[in-house]
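Coordinate analysis (summary)
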Amino acid sequence: MAGLEDLYKEVILDHYRNPRCRGELSVPPATMAEGFNPLCGDEVTVYCEVADGRLDKVRVAGQGCSISLSSASMMAETIEGRSLEEVHDVIVMFTTLMSVHEASLGDASGLDADGLPADEADGRVDERALGDLVALRGVLRYPRRIKCATLGWTTLTRALAEAVAGE
Amino acid sequence: MSTVQTAAEPTDLDASLLKADYPILARKVHGNRVVYLDSAASSQKPDPVLDAMRSFARTSYANVHRGVYTIAEEATAAYESARRATARFIGAPDPREVIFTRNATEAINLIAHSWGRTNLGPGDAVVATEMEHHANIVPWQMLAAERGCELRFIAIDSQGRLDLGDLDTLLDGAKLLTVTAESNVLGTINDVGALAAAAHAAGALCLVDACQSVPHMPVDVTELGADFIAFSAHKMLGPTGIGVLWGRTELLDAMPPFLGGGEMIADVRLDGFTVNELPWKFEAGTMPIIEAVGLEAAIDVLEGIGMARVRAHEVRLNRHALGTLNDRFGDKIRIWGPPDAEERGGIASFSFDDIHPHDISQVLDEHGVCVRAGHHCAKPLMRCLGIGATARASWYVYNDEADIDALADALAATAEFFTV
């Protein structure tokens, strides 16, 4: 199942089986936001605790498929403890990674020979900063699953906005 | 086209004889034979249906009820022939009671809009069930918000059957009972005849969402005793873009039109209009004419098989599926809905090994097996069941035991893939 292994890379399955930063935080002091994927009924809740311009703690709760759970797990692991500026950069990079050539994904013409997005936006994506999250590029071959991968992120953005507003 | 005889006492349907009429089933996906198990969402279309549409469009196509030239007459005759075939297929006493719509959703909206706005107000109630498709919930919620009427729901029990213990209370003061003939998630077949009788006894009308029944079993509206039924052609071997509303003449006659435009009028002056007679009163604008021809061809195919045989075939596959999946996977699989093959339509929604339905569906696709994953447009029901989503396999005339076995094999591979 070569195609499947491109989507379900080992690191994704690892985060799915052993999700990091799983749990809840008390609100307040934490802020939280809920996200839904109307397509599949997935629900995710993201909790953020911000202090002195730093994202001290992130927790993720809810239910979802392997792609949405692992993406949220990798997200939390990547951003916890980072400055809000760094968190913002990671969000922008990941969102860019997931949105490249969205319009042309239907016929896969935006993908290079490896089935990965051949796009100038790649230049703006710092793979080291994204770490394990780069594994989610395989999702781009399956347009219906992109929303699964981004659910945790759009929810994080809302939880963060509330935290920043309260700072 | 396959040669299959009609039989009063149904003989087994040999799906392998039919498969040749469905070229898509000979396709390969990811190197595997396509095993199409998503007919509850939409059925495949056999060559006789596609051929009839193509042949009509190539030789006899024109707008209907407009021109007096030969081809326009032929097109009109073909369109009205589809109406008569539909009426015959569902046992409607009069073809004028068959209204063509875009799909079943539009048919239900037509009732809510036209009958509902005229007949419902504060103090009135509509009764639906917890197992309805969104198409039979949201139009009533919209109506309730607009008209101030109340919306009540019949609950389901732990085995996915309607809990009718409170039926009399729920129907007290109700003006309409709207219920699905068969759950598109659970496969539960409801006794809509008894429900229609209960509704009438309480002074209410009964609308039946027949999307999952008309394609899969004999349905006779006169026997059923309902007041309205709605279904879509695309779930019964026919094309997308055409659905059917059947209603009793006196009710349809008393209802105001739904959409305004051409065809639905008898006369238009600058200061007003008079409406056309049934059924055209509800068919504003140019209708799906080629699709109507396709619907008649689909009915011909189904009548050629015989609806009793279609039903018997699906019960046989139910037995095979419930037996195979439960034997093979035991506690790892939970098939929702009633446990008895006879109580179900050809639908099996299941939870499997704590693997998310999206992931199941993705791996099954790798094996060529097409199933639906998600909430199946029945989110209130999913909440009742306490789950976010299920995977759903559904079968039809062109499926056989080998397709169910392919599903079981692919599920075993899925479990292996996701297990540490």
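Just so it is clear, the model here is predicted, and its values are computed rather than measured. Along every chain, residues carry numbers that run from 1 in the direction the sequence is written. Naming scheme: in the order in which they are written, chains are lettered from A and ligands are numbered from 1. Note on the predicted model: pLDDT of at least 70 is required for a residue's local features to be given, and 80 or more for side-chain atom pairs to be given and counted; whole-chain, interface and lining totals, by contrast, use all residues.

Sheets are built from strands that pair by backbone hydrogen bonding, the pairs being arranged parallel or antiparallel. Residues and elements named next belong to chain B. Pairing in this open sheet of 7 strands is mixed, and the strands run E4-E10-E9-E8-E7-E5-E6 from one edge to the other. Each having just a single partner strand, strand E4 (98–101) and strand E6 (150–154) make up the two edges of the open sheet. Ignoring which end each strand starts from, the neighbouring axes of this sheet average 20 degrees apart. The rule for pairing is simple: two strands pair if DSSP sees at least two bridges between them. Helix and strand assignments follow DSSP, with helices taken as H or I runs no shorter than four residues and strands as E runs no shorter than two, numbered in order from the N terminus. The pairing of strand E7 (residues 174–180) with strand E8 (residues 205–209) spans 5 bridges and is parallel. Each residue of the ladder has a partner; that of Val-179, found in E8, is Val-208. Angles here are taken between N-to-C directions and fall from 0 to 180 degrees, while the axes themselves are lines fitted to C-alpha atoms, restricted in helices to the stretch in contact.

What follows covers the nonpolar core. Cys-48 of chain A together with Leu-177, Cys-206, Val-208, Ala-226, Ala-230 and Ala-298 of chain B are the most contacted members of the largest nonpolar core, which totals 171 residues. It is helix H10 (residues 289–305) of chain B that provides the largest number of residues to this core, a total of 10 residues. For the purpose of contact definition, each residue receives a C-beta atom placed from its backbone, and two residues are in contact when these atoms lie within 7 Å. Residues within four places of Cys-48 of chain A in sequence aside, it is in contact with Ala-30, Thr-31, Leu-55, Val-58, Ala-159, Leu-160 and Ala-163 of chain A. The term nonpolar core refers to a set of buried Ala, Val, Leu, Ile, Met, Phe, Trp, Tyr and Cys residues connected through C-beta atoms within 7 Å. Counting other C-beta atoms within 10 Å of a residue's own tells you its class, since 20 or more makes it buried, 12 or fewer makes it exposed, and anything in between is partly exposed; those C-beta atoms are placed from the backbone.

Attention now goes to the interface of chain A and chain B. One frequent convention defines the size of an interface as the accessible area lost when the parts assemble. Facing the 15 residues of chain A at the interface are 17 residues of chain B. Taken together, the elements giving at least two residues each to the side of chain A that touches chain B come down to helix H1 (2–7) and strand E2 (42–51) of chain A. A per-element tally of the side of chain A that touches chain B places H1 of chain A first, with 3 residues. Basically, the charged four are Asp, Glu, Lys and Arg, the nonpolar ten are Ala, Val, Leu, Ile, Met, Phe, Trp, Tyr, Cys and Pro, and anything else, Gly included, counts as polar. Split by residue class, the side of chain A that touches chain B holds 7 nonpolar, 5 polar and 3 charged.

What follows is about the confidence of the model for chain B. All names here are of chain B. Confidence of the predictor in every single residue is expressed as pLDDT, which spans 0 to 100. Of all residues in chain B, 97% have pLDDT values of 70 or greater, and the mean over the chain is 94. A low-confidence stretch, residues 1–7 stays under pLDDT 50, and its non-local contacts, those more than four residues away or across chains, total 11 contacts. With a pTM of 0.89, the predicted complex shows an ipTM of 0.76.

Residues and elements named next belong to chain B. Summarising the element assignment, Ala-201 is placed in helix H7 (residues 192–201). Take Ala-201: there are 10 C-beta atoms within 10 Å of it, and that puts it in the exposed class. Along the backbone, Ala-201 and Asp-168 are 33 residues apart, and their C-alpha atoms lie at a distance of 9.6 Å.

Let's shift gears to the environment of Ile-111 of chain B. Residues and elements named next belong to chain B. Along the polypeptide, Ile-111 turns up in helix H4 (residues 104–119). Looking at Ile-111, the number of C-beta atoms within 10 Å reads 25, which means it is buried. Counting along the chain gives 134 residues from Ile-111 to Leu-245, while the straight-line C-alpha distance between them is 8.8 Å.

Right, let's talk about H7 of chain B for a bit. Residue and element names in this part refer to chain B. For H7, every residue scored as buried is listed here: Val-192, Leu-195, Ala-196 and Ala-199. Down the axis, H7 shows its buried residues gathered within 100 degrees of arc, on one side only. Set apart from the buried face of H7 by more than 90 degrees, the exposed residues are Ala-194 and Ala-201. The inward-facing, buried residues of H7 contact helix H6 (167–171), E7, E8 and helix H8 (221–224). In the stretch just after H7, Gly-203 is the one whose phi turns positive, near 85 degrees. Arc, as used here, means the arc of the directions from the helix axis to the C-beta atoms.

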